[in-house]
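Here is what each chain is made of, one letter per residue.
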Amino acid sequence: MSSGGGRERGGVTTTTTTMTTTTTTTNTKEKKKPKFKIVALQGVAILAFLLAWQALRSLNVVSKLFLAAPSELLSGSWLGVLPSFTGALWSTILIILVSFLATAAIGVTLGILLGHIDFAFQVLEPFIVWGYSVPKIIIFPLFLITFGLGVNTVIAYAVIGPFFVILLNVLSGVHDMDKQLLLLADSLGMSTLEKYWKFVLPYIVPVTFSGLRQALIQTVIEVLIAELLITTLGVGGLINQLTFSFETVQLFAVVTILALIMIFVNLSLLKIESRLGSWRA
Amino acid sequence: LRRVVKIRIVQFLLVAIVFLLWQFLSNEGFLNPIIYSNPAAIASNLVVVFSGKGTVAGFYPNLYATLLALSLGYAIVVVVGVPLGIALGWIRTFGAVMEPLIIAFFSIPSIVLYPIIYLVFGLGVESKILFGALVGFFIVVSNAVAAAKHVKREYILLGDSLGFSRLQTLRKVILPMSAPYVMTGLRFGFSLTFIGVVAGEMIASTSGLGRLVENAVQLLNTTDFFTLIVIVLLIATLGNLLLSYVEKRMSRYKLA
């Protein structure tokens, strides 16, 4: 990963990658010895967080109507929510996958095509950055009016949101490509298709992957937002229902499980991403 | 230079075509004006809304509520996020311990935490402030971390050989060298904080532009709805332009 250069354009994407790649490189550079100390300190930090959270309930700073303590989550009194949660989770995951595949296909294809044309890139870049940075939730009612109170709305909304991150990453990947490599390909007499297959596509794999990772997280967020706003569908609907019926322990359990799943997914993808980053260099 | 002009013209034309097409489809009856309104109606309604008249009830108090939540949320992001990021990037052990935890925490899709926030803090402005700050926080921290980490060792060594104290190194080396990159994070942080505030207002809140949008939709007053969208987008765009300008000025201090 070129550490400084990519940071102005599409700053979000490139900086997060630099951050993670540097963590891994410093980890390998440092001796194995202090690693244990770091993990121990991390354990202490997590424990402190859980204790502080528990204290808010134990000292009754916040009423149990609004906050569930870790001890209550451990007691398993929320297990009754599991059947409806797994059902909702299944349908939400399906929607997430469908929306994500659609955005990914559109975003990557458009990115490669537009990245090829310098002029198109320069014309469209501000619009894409703009689309990325404005609160798209504000136009959600428009989706609702157009597609109705169902899955179609969720999917349509979740396709638009993450689209910009992917496009931004793929575009800047193609655009920042080493022009000498392309010259080399030309001088080898490659056809455009061959050039793309052998040079451009492999080159943009890490950036694209980074964009896709962020887009996946974004898709999860957009799907949950749409479900929360529609209030009857999937995990978002379940969260909404648990919140307003003050099933606080169940709500916290659902949120905690979702949080753990997403932490696992994101950290795994980040690990792959940093591998890909070093592979290109 | 000619190329830049050409790019601007094409960009302008693209925007013009979208609005003209929208207006045309609306005039010719292809788009139901009751649902999709049209640019002319929105433009004239914009003037009405800003003059405090029209059918948007309590525009200025709600605009104020949104801007208040935005500025306080963003203030938290700046005041906590930047020092935390610099510290994580600069102090090795602290970074090694806390950075993975912070990355893990912010892997959680922020939206699932919003119900918890408004259960604890209520449907008032506090929840929006906190949620906005939560959404905008990570990008600012991660940019500050990356910035502080990438300060060249040579400059820190130079400071050491000049007998700088830790504080002097921070003030004279780390901060100035990270500033441009931190600023990039702050620009994205602003956008995300605003996204968080508006999302909070749309999902559950008693005031703000997001609330007004929901009200307009429920009354099927789509011209008001689009007018409010334009105002929200204007705030996002103006904030972004202002911060881009600051960022550009600062990037002059970037060293290769």
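Residues numbered from 1 in each chain as written. Chains lettered and ligands numbered in written order. Predicted model: local features only at pLDDT ≥ 70, side-chain atom pairs only at ≥ 80, totals over all residues. Heavy atoms only, no water.

Visitor: Would you take a moment to explain the overall build of chain B for this structure?
Guide: A tally of regular secondary structure across chain B gives 11 helices and zero strands. Counting from the amino terminus, helix and strand elements in chain B follow one another as α-α-α-α-α-α-α-α-α-α-α. On the principal axes, the C-alpha backbone points of chain B span a range of 75 × 55 × 30 Å. Looking at the 256 residues of chain B, the share that counts as buried comes to 51%. (Helix = DSSP H or I, 4+ residues; strand = E, 2+ residues; numbered from the N terminus. Buried < 20%, exposed > 50% of the residue type's maximum accessible area, 1.4 Å probe, protein only.)

Visitor: I keep staring at the confidence of the model for chain B and nothing clicks. Help me out?
Guide: All names here are of chain B. In this model, chain B carries a mean pLDDT of 88, and residues with pLDDT of at least 70 account for 98%. Mean pLDDT across the elements of chain B ranges from a minimum in helix 8 (residues 153–161), with 79, to a maximum in helix 4 (residues 59–90), with 93. For this predicted complex, the interface confidence comes out at an ipTM of 0.86, alongside a pTM of 0.86. (pLDDT = per-residue confidence, 0-100.)

Visitor: Sorry, what's going on with the interface of chain A and chain B here?
Guide: It is common to give the size of an interface as the accessible area lost on bringing the parts into contact. Of the residues lining the interface, 62 residues belong to chain A; the matching set on chain B comes to 64 residues. Across the chain A/chain B interface, buried area totals approximately 5700 Å², and carbon plus sulfur atoms make up 79% of it. Here chain A and chain B share zero salt bridges between them. On inspection of chain A and its partner chain B, the count reaches nine residue pairs in polar contact (both at pLDDT 80 or more). At the level of elements, helix 1 (11–29), helix 2 (33–58), helix 5 (118–133), helix 6 (140–147), helix 9 (192–230), helix 10 (234–244) and helix 11 (248–280) of chain A are the ones that each hand at least two residues to the side of chain A that touches chain B. With 11 residues, the single largest contributor to the side of chain A that touches chain B is helix 11 of chain A. Of the residues contributing to the side of chain A that touches chain B, the split by class is 42 nonpolar, 16 polar and four charged. (Contact = heavy atoms within 4.5 Å. Buried area = accessible area lost by both parts, 1.4 Å probe. Salt bridge = Lys/Arg side-chain N within 4 Å of Asp/Glu carboxyl O. Polar contact = N/O pair within 3.5 Å; in protein donor to acceptor, adjacent residues only side chain to side chain. Nonpolar A, V, L, I, M, F, W, Y, C, P; charged D, E, K, R; others polar.)

Visitor: Got a minute to help me understand a nonpolar patch on the surface in this structure?
Guide: Residue and element names in this part refer to chain B. On the surface, a cluster of nonpolar side chains totalling about 860 Å² of accessible area is made up of Val-5, Ile-9, Phe-12, Leu-13, Ile-17, Leu-21, Phe-24 and Phe-30. You can see Ile-9 is positioned in helix 1 (residues 2–27). Take Ile-9: its relative accessible area is 47%, and that puts it in the partly exposed class. (Patch = residues over 30% accessible without salt bridge, like charges linked within 9 Å, V, L, I, M, F, W, Y side chains within 5 Å. Areas by Shrake-Rupley, 256 points an atom, 1.4 Å probe, with all protein chains shown as cover.)

Visitor: Looking at this structure, I do not really get the pattern of salt bridges. What am I missing?
Guide: Two side chains carrying opposite charge are able to pair once their charged atoms lie near each other. Residue and element names in this part refer to chain B. Under the definition given, this model contains four salt bridges over all chains. Where Glu-99 meets Lys-149, a salt bridge forms, and the shortest distance between an N and an O atom there is 3.0 Å. Of this pair, Glu-99 sits in helix 5 (residues 92–105) while Lys-149 sits in helix 7 (residues 125–149), placing them 50 residues apart in sequence. The class of Lys-149 is partly exposed, set by a relative accessible area of 21%.

Visitor: Please clarify how the packing of helix 9 of chain A against helix 10 of chain A should be interpreted in this entry.
Guide: Residues and elements named next belong to chain A. Remark: helix 9 packs on helix 10, axes separated minimally by 7 Å, with the N-to-C direction vectors making an angle of 50 degrees. By the angle between their axes, helix 9 is oblique relative to helix 10. Helix 9 and helix 10 meet at a crossing whose hand is right-handed. Listed contacts from helix 10 to Leu-224, Glu-227 and Leu-228 of helix 9 are Gly-234, Val-235, Gly-236, Gly-237, Ile-239 and Asn-240. For the contact of helix 9 with helix 10, the residue count by class is four nonpolar, four polar and one charged. (Axes fitted to C-alpha atoms, helices over the stretch in contact; angles between N-to-C directions. Parallel < 35°, antiparallel > 145°, perpendicular 65-115°, else oblique. Left-handed = near helix turned anticlockwise from the far one by under 90°.)

Visitor: So what exactly am I meant to see when it comes to the side chain of Ser-210 of chain A here?
Guide: Residue and element names in this part refer to chain A. Along the chain, Ser-210 falls in helix 9. Assessed through its relative accessible area of 3%, Ser-210 is described here as buried. Here Glu-273 takes part through its side chain, which lies 3.4 Å from a polar atom of the side chain of Ser-210.

Visitor: What is the right way to look at the nonpolar core in this model?
Guide: Grouped together as the largest cluster of nonpolar side chains are 140 residues, with contacts concentrated most on Val-235 and Val-254 of chain A together with Phe-59, Ile-111, Val-112 and Leu-209 of chain B. Ranked by the residues each element gives to this core, the list is headed by helix 9 of chain A, at 17 residues. When residues no more than four places from it in sequence are discounted, the contact partners of Val-112 of chain B are Leu-224, Ile-239, Val-255 and Leu-258 of chain A. In terms of nonpolar packing, the next biggest core, distinct from the first, is built from eight residues, Leu-88, Ile-102, Phe-138 and Val-141 of chain B among them. (Core = buried A, V, L, I, M, F, W, Y, C linked by side-chain atoms within 4.5 Å.)

Visitor: For this particular structure, what's the right way to read helix 9 (residues 166–203) of chain B?
Guide: An α-helical turn contains 3.6 residues, so any two residues separated by three or four positions project in the same direction. Residue and element names in this part refer to chain B. In this model, helix 9 (38 residues) spans only 46 Å end to end at C-alpha, well below the 56 Å of a helix rising 1.5 Å per residue. Ala-179 marks the point of greatest bend in helix 9, at about 50 degrees, and the proline Pro-180 comes within the next four residues. Most of helix 9 sits out of view: 27 of its 38 residues are buried. (Expected span 1.5 Å × (residues − 1). Bend = angle between axes of the 7 residues up to and from the residue.)

Visitor: Explain helix 4 of chain B here, please?
Guide: The end-to-end C-alpha separation of helix 4 of chain B is 45 Å, in line with the 46 Å expected for 32 residues at 1.5 Å each. Along its length, helix 4 of chain B reaches its greatest deviation from straightness, about 25 degrees, at Gly-81 of chain B, and the proline Pro-83 of chain B lies no more than four positions downstream.

Visitor: I'm lost on the packing of aromatic side chains in this one. Help?
Guide: Remark: the centre distance and the inter-plane angle together describe each pair of aromatic rings, the angle taken between the planes. On inspection of all chains with the given rule, the structure shows 20 aromatic pairs over all chains. Geometrically, the ring pair formed by Phe-143 of chain A and Tyr-157 of chain A is edge-to-face, given 5.6 Å between the ring centres and 80 degrees between the ring planes. With Phe-143 of chain A in helix 6 and Tyr-157 of chain A in helix 7 (residues 151–175), the pair connects residues that are 14 residues apart, well separated along the chain. As far as burial versus exposure is concerned, Phe-143 of chain A and Tyr-157 of chain A are alike and both buried. On the basis of an interplanar angle of 70 degrees and a centroid distance of 5.0 Å, the ring pair of Phe-59 of chain B and Tyr-60 of chain B is categorised as edge-to-face. Taken together through their ring pairs, the aromatic side chains of Phe-140, Phe-143, Phe-147 and Tyr-157 of chain A make up a single cluster. Directly above the ring of Phe-188 of chain B sits Arg-187 of chain B, whose terminal nitrogen or CZ lies 4.7 Å from the centroid. (Phe/Tyr/Trp six-rings, centres within 6.5 Å; stacked < 30°, edge-to-face > 60°. Lys NZ or Arg CZ within 6 Å of the ring centre and 35° of its normal.)

Visitor: I keep staring at the environment of Ala-179 of chain B and nothing clicks. Help me out?
Guide: Within the fold, Ala-179 of chain B resides in helix 9. For the pair Ala-179 of chain B and Glu-247 of chain B, spaced 68 residues apart in sequence, the C-alpha to C-alpha distance is 9.1 Å.

Visitor: Just checking my understanding: could you explain unusual backbone geometry for this structure?
Guide: Trans peptide bonds make up the majority, and among non-glycine residues the majority have a negative phi. At Thr-231 of chain A, a residue that is not glycine, the phi angle is positive and equals roughly 70 degrees. Tracing the chain through its elements places Thr-231 of chain A in the loop between helix 9 and helix 10. Relative accessible area serves as the criterion here: at 35%, Thr-231 of chain A is assigned to the partly exposed category. The residue Ser-37 of chain B is not glycine, and still its phi comes out positive at about 45 degrees. By the element assignment, Ser-37 of chain B lies in the loop between helix 2 (33–36) and helix 3 (39–50).

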